[in-house]
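These are the residues of each chain, in order.
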Number of protein chains: 2
Amino acid sequence: MAEPTLEQLRAQIDGLDDQLQTLMNQRATLAQKVAEVKQATDGDAVFYRPEREAQVLRRVKERNTGPLDGETVARLFREIMSACLALEQRMKVAFLGPEGTFTHQAALKHFGHAVEAVSLGAIDEVFREVESGAVQYGVVPVENSTEGVVNHTLDSFMDSSLKICGEVDLRIHHHLLLGEHTQENRITRIYSHQQTLAQCRKWLDAHMPTVERVAVSSNAQAARRLKDEWNAAAIAGEMAAELYGLKIMHHNIEDRPDNTTRFIIIGRQDTPPSGQDKTSILVRMKNRPGALYHVLKPFKEHSVDLTRVESRPSRSGNWSYVFFIDFEGHRDDDRVGRVLAALEQEAMDIRFLGSYPRAVI
Amino acid sequence: MAEPTLEQLRAQIDGLDDQLQTLMNQRATLAQKVAEVKQATDGDAVFYRPEREAQVLRRVKERNTGPLDGETVARLFREIMSACLALEQRMKVAFLGPEGTFTHQAALKHFGHAVEAVSLGAIDEVFREVESGAVQYGVVPVENSTEGVVNHTLDSFMDSSLKICGEVDLRIHHHLLLGEHTQENRITRIYSHQQTLAQCRKWLDAHMPTVERVAVSSNAQAARRLKDEWNAAAIAGEMAAELYGLKIMHHNIEDRPDNTTRFIIIGRQDTPPSGQDKTSILVRMKNRPGALYHVLKPFKEHSVDLTRVESRPSRSGNWSYVFFIDFEGHRDDDRVGRVLAALEQEAMDIRFLGSYPRAVI
């Protein structure tokens, strides 16, 4: 049999495209019907269901046979779902701006491009806009070594009743930055956030073994320092380079190519289980010896995997500590229920921040 | 017949999603075959065909019946094509950075999210990287009132043999910005680029009729000025607000909600006709009375619609002028051929910058 010609192949693609388009619009029609059914049972219906989206995306990845890879197809479905949802309800999502930052990227990655993304200047503004109902959801960074703002997010939760309803991971690159007048062979000191220095350790050991490494409060702070120092370099992202007019001497010097930063989605509703979930809580403990041990023991006993523990001094100032804890599982899981019950015994105070689907793409 | 339940509708959606996913992967397989056929006939084959993509997207928009709107579906197809193309060739596209600027957005809007987008610091660097073959395509702004850089793009063409192979339009918003200590009722002067002032005229007439309007070289320049002036405001975009630490007093004050900025795609190949094309040329004329008239006459005579004319002093300094001209049609069209032949008679020099598909989405 003869190989098909370019024209024949393109005609086949056109035929497939017709079918694809028909199916997309049929899907949108079904999504409209879903919205009608929801509206009929509940006038105050919520159209966006994080757990349902996570399930759809997981199915897409699991059943994928290629040649497109699972993550790519899931990303395409994210956009299709985003477009279908926008027909029912043009969702407003606030994020820590300005436009073009990693948090903006995270918002679009999570919600697709069919939402209205609203840029706000501070993390507590994002919380306020979600609380007031001016926007449905908010996106804020957490575990972000690059911008050093994680603490603002954690602090905002102390005063808020909002729930975490999703998480987003983004790949982040670090660069070696120099001031305009600095020569690479004159560098005696490198500034960056401690976490970033750790993330670039191998590169630094290989290329700048004798240069002193100085940890500062954020990568942006590191970049700012170069203004007055002619024999120093900084490790930071591209935005910091632009903001402070620095040269990028070496791109992507992070040791792991999959270096990521985590963002969370905040909203006003609880999210039902999706089957693969995480839970975040805030636990306040008296500052006594072994406090951390007592917090962590119930997780060990009930075989619940911790994914992160972060401690912060409590703002009420009465010698207590606050722990932010992320772990595997949903509040509705029996094991998780037992852990939470055990923590109630140990803690001065415990606040449930949300159970939400683990990031799919 | 009873209305379907939520579960039934979701099962139907899952069924559609299975079909969608199968079709996407079939499309990717056909795209791989297209690449094989191309490779067999030409070892140096170009996989990305701007005219073919434009035709596919136009068909999608024309045949669309909803409920998703034509532009939304075209955007989804852009991403599907981008993902299919990435299987053959992971394209590298350079853009005027940093990441997150409008030019970055334009690059992703045109090429989809499956390309590798490379941020560069200057327009002539983008030209150089495309010329050297380090990247396949470049994206640079043109007609960009917000950043005032259009001239760098036009100047770069004077020294380059690159071709324009596409255009992108992006919606742009303008905001009224104030310095930290400025009160709105104290404003006596508003700075911005002339074009931006014009784009916000109605809003200014309605809300600040008595305030003096001062045109400066760029919106960024306008924002920078507020540092030292306590009774002035600027009109600029969100990035300028962030960069110079200004308050956004009023959002989106542009008169037309469809206010756009134009970007062009530069590459090394000529683009065949797509059926709805534009052409850009550069014409050098002696600086004599009526030069512009002589340039424009052939267009009128052959009924070819001009979409833009921009004049610049020639850099060779011999009292000549350079006109950048955009018009409807493709170089292969008879009428366009006749216009170009007529211009050859009039001009000292004429350079063809490219024929390319008109922006579809």
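Residues numbered from 1 in each chain as written. Chains lettered and ligands numbered in written order. Predicted model: local features only at pLDDT ≥ 70, side-chain atom pairs only at ≥ 80, totals over all residues. Heavy atoms only, no water.

**Quick look at the side chain of A:Arg58**
Residues and elements named next belong to chain A. The line we're drawing: The way it works is that DSSP assigns letters per residue, a run of H or I at least four long becomes a helix, a run of E at least two long becomes a strand, and they are numbered from the N terminus. Each residue's exposure class comes from its accessible area (1.4 Å probe, protein chains only) as a fraction of the maximum for that residue type: buried when under 20%, exposed when over 50%, partly exposed otherwise. Neither His nor the chain ends contribute to the count of charged residues, in which Lys and Arg are positive and Asp and Glu negative. In the sections that follow, a salt bridge refers to a side-chain nitrogen of Lys or Arg positioned within 4 Å of a carboxyl oxygen of Asp or Glu. Whenever two N or O atoms come within 3.5 Å, that pair is a polar contact, provided that in protein one can donate a hydrogen and the other can accept it, and provided that, for residues adjacent in sequence, both atoms are side-chain atoms. Throughout, a residue-residue contact means that at least one pair of heavy atoms, one from each residue, lies within 4.5 Å.
Checked against the element boundaries, Arg 58 lands in helix H2 (residues 50-63). Although buried, Arg 58 forms no salt bridge, and the nearest oppositely charged side chain, Asp 277, lies 5.1 Å from it. Side chain to side chain, Arg 58 and Ser 274 meet in a polar contact 2.9 Å long. Leaving out residues up to four positions away in the same chain, Arg 58 has contacts with Ser 274, Gly 275, Gln 276, Pro 357, Arg 358 and Val 360.

**Looking at the sheet that holds strand S1 (residues 92-96) of chain B**
Residues and elements named next belong to chain B. Defined as follows: Here, any two strands with at least 2 DSSP bridges between them count as paired. Lines fitted to the C-alpha atoms define the axes, with helices restricted to the stretch that makes contact. Angles between their N-to-C directions range from 0 to 180 degrees.
Strand order in the open sheet formed by five strands is S2-S1-S3-S10-S4, with mixed pairing between adjacent strands. The open sheet terminates on both sides in strands that have one partner only, identified here as strand S2 (116-120) and strand S4 (163-171). Adjacent strand axes in the sheet meet at a mean angle of 25 degrees when their direction is disregarded. Bridge count for strand S3 (residues 137-142) against strand S10 (residues 260-267) is five bridges, and the pairing is antiparallel. Its bridge partner being in S10, Val 140 is matched across the sheet by Ile 264. Packed on one face of the sheet, helix H4 (residues 102-111) meets S1, S2, S3, S4 and S10 and runs near 110 degrees to S4.

**What about the pattern of salt bridges?**
Tallied over the entire structure, the rule returns 38 salt bridges over all chains. The salt bridge partner of B:Asp14 is A:Arg52, with a shortest N-O separation of 3.2 Å. With one member in each of two chains, B:Asp14 in helix H1 (residues 6-41) and A:Arg52 in helix H2 form a pair that bridges those chains. Residue classification places A:Arg52 among the buried positions, given a relative accessible area of 15%. Of the charged contacts in the structure, one is a salt bridge between B:Arg262 and B:Asp326, with a shortest N-O distance of 2.9 Å. Of this pair, B:Arg262 sits in strand S10 while B:Asp326 sits in strand S13 (residues 320-328), and the two are 64 residues apart along the sequence. Here the salt bridges do not stand alone but share partners, grouping A:Asp14, A:Asp18, B:Arg52, B:Arg59 and B:Arg63 into one network.

**Considerations on the interface of chain A and chain B**
Selection criterion: Computed with a 1.4 Å rolling probe, the buried area is the accessible surface lost when two parts are put together, summed over both parts.
Listed by partner, the interface residues are 60 residues for chain A and 60 residues for chain B. Here chain A packs against chain B, burying approximately 5800 Å² in sum over the two surfaces, 65% of which is carbon and sulfur. Inspection of the region where chain A meets chain B yields twelve salt bridges. With a shortest N-O distance of 3.4 Å, B:Asp14 and A:Arg59 are connected by a salt bridge.

**Side note on the nonpolar core**
The test is simple: As used in this record, nonpolar core signifies buried Ala, Val, Leu, Ile, Met, Phe, Trp, Tyr and Cys residues forming a set joined through side-chain atoms within 4.5 Å.
A:Met24 and B:Met24 are the most contacted members of the largest nonpolar core, which has 50 residues in total. Of all the secondary structure elements, the ones that give two or more residues to this core are helix H1 (6-41), H2 and helix H3 (70-88) of chain A together with H1, helix H2 (50-63) and helix H3 (70-88) of chain B. Once residues lying within four places of it in the same chain are set aside, the contact partners of A:Met24 are A:Ile80, B:Leu20, B:Leu68, B:Val73, B:Leu76, B:Phe77 and B:Ile80.

**Here we look at a nonpolar patch on the surface**
All names here are of chain A. The cut-off we apply is this: Each patch groups residues whose relative accessible area exceeds 30% and which form no salt bridge, using 9 Å between like charges and 5 Å between nonpolar side chains of Val, Leu, Ile, Met, Phe, Trp and Tyr. Only the protein chains shown count as covering a residue, and every accessible area follows the Shrake-Rupley method with a 1.4 Å probe.
Side chains of Leu 292, Leu 306 and Val 309 sit close together on the surface and give an oily, nonpolar patch of about 200 Å² of accessible area. Along the chain, Val 309 falls in strand S12 (residues 306-313). Overall, the relative accessible area of 33% leaves Val 309 in the partly exposed class.

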